[in-house]
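Each chain, letter by letter, is given below.
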Amino acid sequence: MEPIEPAYGSVALLLIAAAAVALLLILIMVVRLHAMISLVLVSVITAVAAGIPIGDVPDALFAGFSETLGEVALLVGFGVMLGRLLEVTGGAQVLADTLISRFGEKRAPFALGVAALLFGFPIFFDAGLVVFLPIIFTVARRFGGSLLLYAFPAAGGFAAMHALVPPHPGPVAAGVSLGGDIGVILLVGVPTAVIAWYFGSYLFSQAVGRRVHVDVPTVLFGEENGGEEHQERSDADAPPFALVLGLLLLPMVLISFNTLVSTLIESGSLDESTLTGILLLVGNTPVALLITLLVAIVVLGRRGRTYEETTSVLDDALGPICSIILITGAGGMFGGVLYISGIGEALTTSLEDIGMPVLAQAFVIATALRVAQGSATVALTTTAGVIAAPVAEEGFGDFRIALLVVAIAAGATVLSHVNDSGFWLVSRFFQMDEKQTLRTWTVMETTIGLTAFAVAVVLWGVAGAVGV
């Protein structure tokens, strides 16, 4: 559903958005009303208050909810089932042991982050995080301390790659809108993402993990060591490391087909054909995870189990995630209402002519859109469209356009809060309440974004000094 013509001026709409967020936080954190109920209730109130015609309010609510569920539900479902299989068969323990033996116990969080950076190159944030959950939990249980010490380096790695590096859709769409070279954006985005991860995620997680203790959740993958089933299984029954690594690499390879082919078609370097259609299909993230899950059922599910027993394991994995999926969908509903009501458009219009340098303007507009409507991808694509004309007039080269994409992505990363579906995924997967998530995840996302923007500012100055 497209945004409506704004019913009020920019100031009024922004006040409505601020009041909606404040009301939501009060309902969840003070009244202690269930997060899903609070999100749906505030979405309805906001839709009416922002001037969406009464008859269109249900469509506005369902648009954001269904779009988010369409993106998240299958990813989470297939990902958790795959994770559960890795957990109960000992695959997660095998991978964790191998990582620790390579990096050492003290560098376990660093190892998880590096692995997430590598796997995050083609895999979206939510899909990568779900697949990595059993590995994160296994390492955290083994060494103790706050879950954040281990979870945030991995989550931050996926988040940084998703925001800053092609072939992820946000930077690709922004680069195309600005007329940039995707290859240059890739060359600039990768080192920027690594720097942003190290300072904004890894170092931050080690500091916050010592101040905020979060226990390892048991709702998704059971108690320590996987419960009695793990205790009864001997090490000889565990799958080999190569098999576990292959299962994790399989969705990465399949998704790479989709992202590579999409990028080449988008840039005009490749024509659409039956073969490209097949590659796009098998590389579609839910399909890639489905294929991987089927392979895992065959190669892992038959290790000492019947198919009926494996099906029972998969069925047990789905129950705990129903609440996560519904709350995430409700978060998407709230963000969708803010978008459809025209609040994002009003905000963009009010910021277009603020007279600041184009790099800062890119960051500020993307940040404002991110805060207003939640979606990082929408903030990226909208901001790129807003500044495309002045960028074309300036005649910037590919390197500076790449830095503008970084600045936009940085602004679209900061301040993840209650209208962002990713906020709810992290909150529920790590079993943190809303206050803890704001104090930790929101701050980490902001630190990643600010670090990336700082890199863009420095490189912009260097480009100016050398005349690039």
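Scroll up a little and you will see the structure.
We now turn to the structure provided with this report. (Residues numbered from 1 in each chain as written. Predicted model: local features only at pLDDT ≥ 70, side-chain atom pairs only at ≥ 80, totals over all residues. Heavy atoms only, no water.)

### Describing the overall build of the chain
Counting its regular elements, the chain contains 21 helices and zero strands. The burial tally for the chain puts 55% of its 468 residues in the buried class. The long-range share in the chain, meaning contacts at least 24 apart out of those at least 6 apart in sequence, stands at 82%. Summed over its atoms, the accessible surface of the chain is roughly 18300 Å², and 64% of this surface lies on carbon and sulfur atoms. Of note, the chain has its 18 positive side-chain charges centred 15 Å away from the centre of its 36 negative side-chain charges. (Helix = DSSP H or I, 4+ residues; strand = E, 2+ residues; numbered from the N terminus. Buried < 20%, exposed > 50% of the residue type's maximum accessible area, 1.4 Å probe, protein only. Contact = heavy atoms within 4.5 Å. Areas by Shrake-Rupley, 256 points an atom, 1.4 Å probe, with all protein chains shown as cover. Lys, Arg positive; Asp, Glu negative; His and termini not counted. Charge placed at Lys NZ, Arg CZ, Asp CG, Glu CD.)

### A look at helix H2 (residues 35-49)
With 15 residues, H2 should reach 21 Å at 1.5 Å per residue; the first-to-last C-alpha distance of 21 Å fits that figure. When H2 is considered as a whole, its buried residues turn out to be Ala35, Ser38, Leu39, Val42, Ser43, Thr46 and Ala47. Taken around the axis of H2, the buried residues stretch over an arc of 155°, which confines them to a single face. Following H2 by one or two positions, Gly51 has its phi on the positive side, about 95°. (Expected span 1.5 Å × (residues − 1). Arc of directions from axis to C-beta.)

### Describing the nonpolar core
Residues Phe152, Leu178, Phe429 and Phe430 are the most contacted members of the largest nonpolar core, which totals 152 residues. Take this core: its biggest share by element is 15 residues, from helix H3 (residues 57-88). Each residue touching Phe152, except ones within four places of it in the same chain, is listed here: Ser201, Phe204, Ser205, Val208, Val426, Phe430, Met432, Thr440, Trp441 and Met444. (Core = buried A, V, L, I, M, F, W, Y, C linked by side-chain atoms within 4.5 Å.)

### Some remarks on the packing of H2 against helix H15 (residues 322-340)
Two numbers describe how H2 lies on H15: the axes approach to 9 Å, and their chain directions differ by 15°. In terms of orientation, H2 and H15 fall into the roughly parallel class. For the element pair H2 and H15, the recorded crossing hand is left-handed. Two secondary-structure elements touch here, H2 through Ala35, Met36, Leu39, Val40, Val42, Ser43, Thr46 and Ala47 and H15 through Leu326, Ile327, Ala330, Gly331, Met333, Phe334, Val337 and Leu338. Split into classes, the residues belonging to the contact of H2 with H15 amount to 13 nonpolar, three polar and no charged. (Axes fitted to C-alpha atoms, helices over the stretch in contact; angles between N-to-C directions. Parallel < 35°, antiparallel > 145°, perpendicular 65-115°, else oblique. Left-handed = near helix turned anticlockwise from the far one by under 90°. Nonpolar A, V, L, I, M, F, W, Y, C, P; charged D, E, K, R; others polar.)

### Some details on a positive patch on the surface
A contiguous patch of positive charge on the surface is contributed by Arg32, Arg211, Lys435 and Arg439. Its place among the elements puts Arg211 in the loop between helix H9 (182-208) and helix H10 (228-232). Accessibility expressed as a relative area gives 60% for Arg211, which makes it exposed. (Patch = residues over 30% accessible without salt bridge, like charges linked within 9 Å, V, L, I, M, F, W, Y side chains within 5 Å. Salt bridge = Lys/Arg side-chain N within 4 Å of Asp/Glu carboxyl O.)

### Here's the deal with the pattern of salt bridges
If charged atoms from side chains of opposite charge come close, those side chains can pair. Going through the model one piece at a time under the given rule, you end up with two salt bridges. We note a salt bridge from Glu445 to Arg370, for which the minimum N-O separation is 3.3 Å. Note that Glu445 is positioned in helix H21 (residues 434-466) and Arg370 in helix H17 (residues 358-373), a separation of 75 residues in sequence. Judged by relative accessible area, Glu445 falls into the buried class, the value being 6%. With a relative accessible area of 3%, Arg370 lands in the buried category. Of the charged contacts, one joins Arg428 and Glu434 as a salt bridge, the two residues approaching to 3.0 Å between their closest N and O atoms.

### Some remarks on the environment of Ser38
Here Ser38 shows up in helix H2. In this structure Ser38 comes out as buried when scored by relative accessible area, which is 0%. Between the alpha carbons of Ser38 and Phe334 there is a distance of 10.0 Å; along the sequence they are 296 residues apart. If we skip the residues at most four places from it in the chain, Ser38 touches Leu24, Leu27, Ile28 and Leu33.

### Observations regarding the packing of aromatic side chains
On inspection of all chains with the given rule, the structure shows 13 aromatic pairs. Between Phe125 and Trp441 the ring centres are 5.7 Å apart and the planes differ by 35°, which places this aromatic pair in the tilted class. Linking Phe125 in helix H6 (residues 125-143) with Trp441 in helix H21, this pair joins segments that are 316 residues apart in sequence. Residue Phe125 is classed as buried on the basis of its relative accessible area, which comes to 10%. Taking relative accessible area as the criterion, Trp441 reaches 1% and is therefore assigned buried. Here Phe363 and Phe453 contribute two aromatic rings whose centre-to-centre distance is 4.2 Å and whose plane-to-plane angle is 15°, an arrangement assigned as stacked. Of this pair, Phe363 sits in helix H17 while Phe453 sits in helix H21; the two residues are 90 residues apart in sequence, bridging distant segments of the chain. For Phe363, a relative accessible area of 12% puts it in the buried group. (Phe/Tyr/Trp six-rings, centres within 6.5 Å; stacked < 30°, edge-to-face > 60°.)

### Quick look at the side chain of Thr292
Its location among the elements puts Thr292 in helix H13 (residues 285-299). Residue Thr292 is classed as buried on the basis of its relative accessible area, which comes to 0%. Among the polar contacts listed, one links the side chain of Thr292 to the backbone oxygen of Ala288, at a separation of 2.8 Å. Here Thr292 is in contact with Leu82, Leu247, Leu250 and Pro251, once residues within four sequence places are set aside. (Polar contact = N/O pair within 3.5 Å; in protein donor to acceptor, adjacent residues only side chain to side chain.)

### Regarding unusual backbone geometry
We note that Arg32 has phi near 65°; this positive angle belongs to a residue other than glycine. For Arg32, the position within the fold is in the loop between helix H1 (10-30) and H2.

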